[in-house]
Amino acid sequence: MIRCLRFGLAALGLAALSACAPQGQGPDASLEEVSRAVYRHDGPPALTLYTMVSNRSGEGAHTSLMINASQRVIFDPAGSVSSDRIPERGDVLYGITPQIEDFYERAHARETYHVVIQRVEVPPEVAEQALQLAMQNGRVGQMFCTSATAGILKQLPGFDGIRSTFFPTALSEQFAKLPGVETRRVYETDGDDKGEAIAEFEAEL
């Protein structure tokens, strides 16, 4: 009985850890490249949680966080969507214009996955704190995307009820309980290869 319990816990742990995309292997963008890419969105300070969900099983596959503060970035821990047009440093994507925001959402939404997008407006100082935490976090190990995102959120005022988790949908459910959260979902019918979406985006530019 004890052996079965241990096996079950080990299997559960592996299932949780498999919830993130492979970690990118490219070199960090230079500080100069990041500085040139800075984009300041004129909307209110806000945090937007992205959860990529399997259309087959309903299980979460990846977690990331868009932060609109003194600049707009996406904290994409161990993410697999990258482009020469989007400077990335320490798992933070810079220069998130509306066009890049749309590309990011649609690249993750395909025939096998949809994207749950949860946005909540926050005070400017909270957004700025989230930005600084994301920039200071550094690269995240493969399969730790959700725990890294939860780790940033739980440090913010008003988010202290967020608990650590490895499961993307579990974090999404916690986030949904925050006051003022707006939720939408993005579905696409593209094939499973995100590389095709990236190539199409770069061709359009």
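Right, let's walk through the structure included here. (Residues numbered from 1 in each chain as written. Predicted model: local features only at pLDDT ≥ 70, side-chain atom pairs only at ≥ 80, totals over all residues. Heavy atoms only, no water.)

### Section: the overall build of the protein chain
Argument step 1. Broken down by element type, the protein chain carries 7 helices and 7 strands.
Argument step 2. Written out in order from the N terminus, the α and β elements of the protein chain read α-α-β-β-β-β-β-α-β-α-α-α-β-α.
Argument step 3. For the protein chain, the proportion of its 205 residues judged to be buried stands at 46%.
Argument step 4. Summed over its atoms, the accessible surface of the protein chain is roughly 10,500 Å², and 52% of this surface lies on carbon and sulfur atoms. (Helix = DSSP H or I, 4+ residues; strand = E, 2+ residues; numbered from the N terminus. Buried < 20%, exposed > 50% of the residue type's maximum accessible area, 1.4 Å probe, protein only. Areas by Shrake-Rupley, 256 points an atom, 1.4 Å probe, with all protein chains shown as cover.)

### Concerning the environment of Val53
Argument step 1. Turning to its location among the elements, Val53 is positioned in strand β1 (residues 46-54).
Argument step 2. Not counting residues within four places of it along the chain, the set of residues in contact with Val53 comprises Gly58, Glu59, Gly60, Thr112, Tyr113, His114, Val116 and Thr169. (Contact = heavy atoms within 4.5 Å.)

### Digging into the environment of Lys154
Argument step 1. Inspection of the secondary structure assignment puts Lys154 in the loop between α5 (145-153) and α6 (168-176).
Argument step 2. Relative accessible area serves as the criterion here: at 35%, Lys154 is assigned to the partly exposed category.
Argument step 3. Linking Lys154 and Ser164, residues 10 residues apart in sequence, is a C-alpha distance of 8.0 Å.
Argument step 4. Those residues within four positions of Lys154 in sequence are excluded, and the remaining contacts are Phe159, Asp160, Ile162 and Ser164.

### As for the nonpolar core
Argument step 1. Leu47, Ile67, Phe75, Leu153, Leu156, Phe159 and Phe175 are the most contacted members of the largest nonpolar core, which has 32 residues in total.
Argument step 2. A per-element tally of this core places helix α4 (residues 124-137) first, with 6 residues.
Argument step 3. Ignoring sequence-local partners within four residues, the contact set of Leu156 consists of Leu47, Val126, Gln129, Ala130 and Leu133.
Argument step 4. Counting residues in hydrophobic clusters, the runner-up holds 16 residues, among them Tyr50, Leu93, Ile96 and Val115. (Core = buried A, V, L, I, M, F, W, Y, C linked by side-chain atoms within 4.5 Å.)

### Here we look at the pairing of β1
Argument step 1. Along β1, 9 of the 9 residues are buried, which leaves the element largely enclosed by surrounding structure.
Argument step 2. Here β1 shows no split at all, with Ala46, Thr48, Tyr50, Met52 and Ser54 on one side and Leu47, Leu49, Thr51 and Val53 on the other all buried.
Argument step 3. Alignment of β1 against strand β2 (residues 60-68), held across 8 bridges, turns out to be antiparallel. The residue of β2 that forms the bridge with Leu47 is Ile67.
Argument step 4. Between β1 and β2, which pair antiparallel in sequence order, lie 5 residues; one of them, Gly58, sits at a positive phi of approximately 80°.
Argument step 5. Two strands pair when backbone bridges link them, and β1 and strand β6 (residues 113-121) are joined in this way by 9 bridges, in the antiparallel orientation. The residue bridging Leu49 from the neighbouring strand is Gln118, located in β6. (Pairing = 2+ DSSP bridges.)

### Focus: the sheet that holds strand β7 (residues 182-186)
Argument step 1. A sheet is described by the order of its strands in space; here 7 strands give the open sequence β4-β5-β3-β2-β1-β6-β7, paired in antiparallel fashion. This sheet does not close on itself; its edge strands, each paired only once, are β4 (88-89) and β7.
Argument step 2. In this structure, strand β3 (residues 72-75) lies alongside strand β5 (residues 92-93), joined through 2 bridges in antiparallel fashion. The partner of Ile74 across the bridge, within β5, is Leu93.
Argument step 3. Strands β1, β2, β3, β5, β6 and β7 of the sheet are contacted by helix α3 (residues 98-108), whose axis makes an angle of about 25° with β1. (Axes fitted to C-alpha atoms, helices over the stretch in contact; angles between N-to-C directions.)

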